[in-house]
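Observations on chain architecture
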Amino acid sequence: MTCTVVAAPGTKAGAYSADYAGALRWAEQALALNRRFAVALRAAAVAQVRLGQMDRARQMVRDLLDIEPGLTVSGFFARIPVPVERMAEMYADALQAAGLPA
C-alpha cells in the first residue's frame, strides 16, 4: 500500500492521496506471484475495505492470520510504524473492519 497511498506533491504534512483500486491491482499482482506475501495481503485487505469489498477483505485477513497467527493491529504498528498519522489511522481502521484483532 505504501507504493500507492502516498503523500501528494505540494500538500501539507499529514495529507495523502489514495488510489485504492490501484493498490488492489498491485496487491493482486503480488499475490499471484506469492500467495503468502503479508505486505500484499494487508494492502489488499485495506484497499478492499475502502472499496466496499468486505467479504474479500475478510478473506485476506484470514489468509494473513494463517501465516501470522498472532498478528494484531497494535502489533503490526509496533513493528512497522506509518509516518503519516491519518494514513495510519485509516490503515488500522480498515484492518480492524476486515477482522484483524486490535
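Above this note sits the structure.
Residues numbered from 1 in each chain as written. Predicted model: local features only at pLDDT ≥ 70, side-chain atom pairs only at ≥ 80, totals over all residues. Heavy atoms only, no water.

**Thoughts on the nonpolar core**
L31, A44, V46, M60, L95 and L100 are the most contacted members of the largest nonpolar core, which has 31 residues in total. Listing elements by their share of this core, those giving two or more residues are α1 (20–33), α2 (38–50), α3 (54–67), α4 (73–79) and α5 (85–97). If one sorts the elements of this core by residue count, α2 sits on top with nine residues. The residues touching L100, leaving out its near neighbours within four places in the chain, are V61, L65, L71, T72, V73 and L95. (Core = buried A, V, L, I, M, F, W, Y, C linked by side-chain atoms within 4.5 Å. Buried < 20%, exposed > 50% of the residue type's maximum accessible area, 1.4 Å probe, protein only. Helix = DSSP H or I, 4+ residues; strand = E, 2+ residues; numbered from the N terminus. Contact = heavy atoms within 4.5 Å.)

**Considerations on the pattern of salt bridges**
Taken as a whole and judged by the stated rule, the model has five salt bridges. In this structure, R35 and D63 form a salt bridge, with 2.7 Å as the shortest nitrogen-oxygen distance. Of this pair, R35 sits in the loop between α1 and α2 while D63 sits in helix α3; the two residues are 28 residues apart in sequence, bridging distant segments of the chain. What makes R35 partly exposed here is its relative accessible area of 42%. (Salt bridge = Lys/Arg side-chain N within 4 Å of Asp/Glu carboxyl O.)

**A closer look at the environment of Q48**
Tracing the sequence through the fold places Q48 in helix α2. Note on Q48: relative accessible area 1%, which makes it buried. With 25 residues separating them in the primary sequence, Q48 and A23 have C-alpha atoms 9.2 Å apart. Residues within four places of Q48 in sequence aside, it is in contact with L24, Q53, M54, R56, A57 and M60.

**Regarding the side chain of E68**
Relative to the assigned elements, E68 resides in the loop between α3 and α4. Of the polar contacts made by the side chain of E68, one reaches the side chain of R79; its length is 2.8 Å. Not counting the four nearest positions on each side in its chain, E68 is found in contact with A38, R42 and R79. (Polar contact = N/O pair within 3.5 Å; in protein donor to acceptor, adjacent residues only side chain to side chain.)

**Focus: the packing of α2 against α3**
Each pair of packed helices can be described by the angle between their axes along with the distance between the axes. One way to put it is that α2 packs onto α3 with a least axis distance of 8 Å and a crossing angle of 160 degrees. Judged on the interaxial angle alone, α3 and α2 are roughly antiparallel. At the point where α2 passes α3, the crossing takes the left-handed sense. Two secondary-structure elements touch here, α2 through A38, L41, R42, A44, A45, Q48 and V49 and α3 through M54, R56, A57, M60, V61, D63, L64 and I67. Partitioning the contact of α2 with α3 into residue classes produces eleven nonpolar, one polar and three charged. (Axes fitted to C-alpha atoms, helices over the stretch in contact; angles between N-to-C directions. Parallel < 35°, antiparallel > 145°, perpendicular 65-115°, else oblique. Left-handed = near helix turned anticlockwise from the far one by under 90°. Nonpolar A, V, L, I, M, F, W, Y, C, P; charged D, E, K, R; others polar.)

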